[in-house]
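The lines below spell out each chain.
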Amino acid sequence: MNFLLINGSPRTLGNTDRLLGAFLSAVPKENKVKRFDVCELSPAACNACGYCKASDGCSKKDLESFFGYYAEADVIIIATPVYNFTVPAPMKALLDRFQRFYEAKHRRGAKNVFPKPKKAILLVTAGGDGRVGYEIIKRQLETVLANADTEISASMLAGETDSRTLDQNDFAKAKDLIRYI
Ligand SMILES: Cc1cc2nc3c(=O)[nH]c(=O)nc-3n(C[C@H](O)[C@H](O)[C@H](O)COP(=O)(O)O)c2cc1C
């Protein structure tokens with residue numbers, strides 16, 4: 001299977017990166033894994049130019065490679081910290097760029113936008129309790145990803161990272177998500 005990893009955190013070896021690492025350690029080696037760090041990818045923000053209302057695709061070409069991997073993926077892994085009750089800004093820019101699939105489905109009546117359906121796993125970290133941010137992110141992603149033929153099959157929150165270090169319980173939970181694929 002093809003795994004596409006989407007990391008929303010800017011911090012290498014931060015909480016989100018380590019949680020994602022734990023999940024990855026449970027992925028059998030015969031699978032193909034491609035990772036995008038969204039802060040490095042730095043997607044251009046959607047400016048509602050209207051291109052995708054009329055045609056398939058997007059007027060901006062910076063995500064062609066990303067969406068090429070997305071098309072081929074069987075499983076999408078999204079790992080993100082909570083920033084002000086939602087995802088960090090580059091990740092939000094990426095989600096807004098999925099508008100092309102909303103338009104394809106809801107304006108032009110496309111049944112599917114990719115050759116195969118995908119399952120997604122969501123890993124969220126938060127400095128505080130984080131439950132409200134987690135629910136908001138889940139809700140956003142359910143809608144955005146549904147337009148991209150992708151269904152979230154499992155998710156987890158590792159909260160209170162401002163006052164504790166992620167531990168074996170968090171990593172075990174992350175690894176366990178592999179069984180929902
Ligand atoms: C700009 C910013 C906004 C944040 N907003 C929230 C928040 O609304 N709720 C929360 O619980 N934690 C918040 N945090 C804390 C992060 O979610 C937490 O530290 C997370 O584990 C960071 O992951 P990382 O180590 O991968 O960067 C915020 C952190 C930053 C830098």
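Residues numbered from 1 in each chain as written. Predicted model: local features only at pLDDT ≥ 70, side-chain atom pairs only at ≥ 80, totals over all residues.

*Asks:* Looking at this structure, I do not really get the overall build of the protein chain. What am I missing?
*Replies:* Scanning the protein chain for helices and strands turns up eight helices and five strands. Along its sequence from the N terminus, the protein chain presents helices and strands in the succession β-α-β-α-α-α-β-α-α-β-α-β-α. Relative to the compact-globule value of 16 Å for 181 residues, the protein chain shows a C-alpha radius of gyration of 16 Å, a close match. Based on the C-alpha atoms only, the size of the protein chain along its principal axes is roughly 50 × 35 × 25 Å. In the protein chain, which comprises 181 residues, the proportion classed as buried is 33%. Sequence separation of 24 or more characterises 81% of the internal contacts of the protein chain that already satisfy a separation of 6 or more. (Helix = DSSP H or I, 4+ residues; strand = E, 2+ residues; numbered from the N terminus. Rg over C-alpha atoms; globule rule 2.2 N^0.38 Å. Buried ≥ 20, exposed ≤ 12 C-beta atoms within 10 Å, placed from the backbone. Contact = placed C-beta atoms within 7 Å.)

*Asks:* Which parts of the structure should I look at to understand the nonpolar core?
*Replies:* As a rule of thumb, nonpolar side chains are buried together in soluble globular proteins. Core analysis: the biggest nonpolar cluster contains 39 residues, and L19, I76, I77, I78, L123 and V124 have the highest contact counts within it. Elements represented by at least two residues in this core include exactly β1 (2-7), α1 (15-25), β3 (75-81), α5 (89-96), α6 (99-107), β4 (118-125), α7 (131-146) and β5 (150-158). In this view, I78 contacts I6, A120, L122 and L141; residues no more than four positions away in its chain are not counted. (Core = buried A, V, L, I, M, F, W, Y, C linked by C-beta atoms within 7 Å.)

*Asks:* Where do I start with the pairing of β1 in this structure?
*Replies:* Along a regular strand, successive side chains alternate from one face of the sheet to the other. Extensive coverage of β1 is indicated by the burial of five of its six residues. For the handedness criterion, the β-α-β arrangement of β1, α1 and strand β2 (residues 32-37) is classed as right-handed. Two strands pair when backbone bridges link them, and β1 and β3 are joined in this way by five bridges, in the parallel orientation. In the strand pairing of β3, N7 is matched with A79. (Right-handed = clockwise from strand over helix to strand, strands pointing away. Pairing = 2+ DSSP bridges.)

*Asks:* Is there a simple way to think about the sheet that holds β5 in this case?
*Replies:* What holds strands together in a sheet is hydrogen bonding between their backbones, with the strands either parallel or antiparallel. If you trace the five strands from one edge of the open sheet to the other, you get β2-β1-β3-β4-β5, paired in parallel fashion. Looking along the sheet, the strands with just one partner apiece sit at the ends: β2 and β5. When strand polarity is set aside, the average angle formed by the axes of neighbouring strands in this sheet is 15°. As paired strands, β4 and β5 are joined by eight bridges and run parallel to one another. Along β5, the bridge assignment pairs T125 with A158. (Axes fitted to C-alpha atoms, helices over the stretch in contact; angles between N-to-C directions.)

*Asks:* Even after reading the chapter, I still don't get the site of the ligand, so can you show me in this structure?
*Replies:* Every one of the 19 residues lining the ligand counts as a neighbour, but S9, G14, T16, P81 and G127 are closest to it. Sorting elements by how many residues they give to the shell around the ligand places α1 first, with three residues. Classifying every residue of the shell around the ligand gives five nonpolar, 11 polar and three charged. (Near = placed C-beta within 6 Å. Nonpolar A, V, L, I, M, F, W, Y, C, P; charged D, E, K, R; others polar.)

*Asks:* Got a minute to help me understand unusual backbone geometry in this structure?
*Replies:* The phi angle of most residues is negative, glycine excepted, and most peptide bonds adopt the trans form. Even without glycine at this site, F85 takes up a positive phi of about 70°. Tracing the chain through its elements places F85 in the loop between β3 and α5. Despite not being glycine, D149 shows a phi value in the positive range, around 55°. You can see D149 is positioned in the loop between α7 and β5.

*Asks:* Quick question: what am I supposed to make of the packing of α1 against helix α8 (residues 168-176) here?
*Replies:* For any two helices packed against each other, one specifies the crossing angle of their axes together with the interaxial distance. Their axes nearest at 7 Å, the elements α1 and α8 cross at an angle of 50°. With respect to α8, the axis of α1 lies oblique. As α1 runs across α8, the sense of the crossing is right-handed. The residues of α8 that touch α1, namely those facing L19, A22, F23 and S25, are D170, F171, A174 and K175. Counted by class, the contact of α1 with α8 contains five nonpolar, one polar and two charged residues. (Parallel < 35°, antiparallel > 145°, perpendicular 65-115°, else oblique. Left-handed = near helix turned anticlockwise from the far one by under 90°.)

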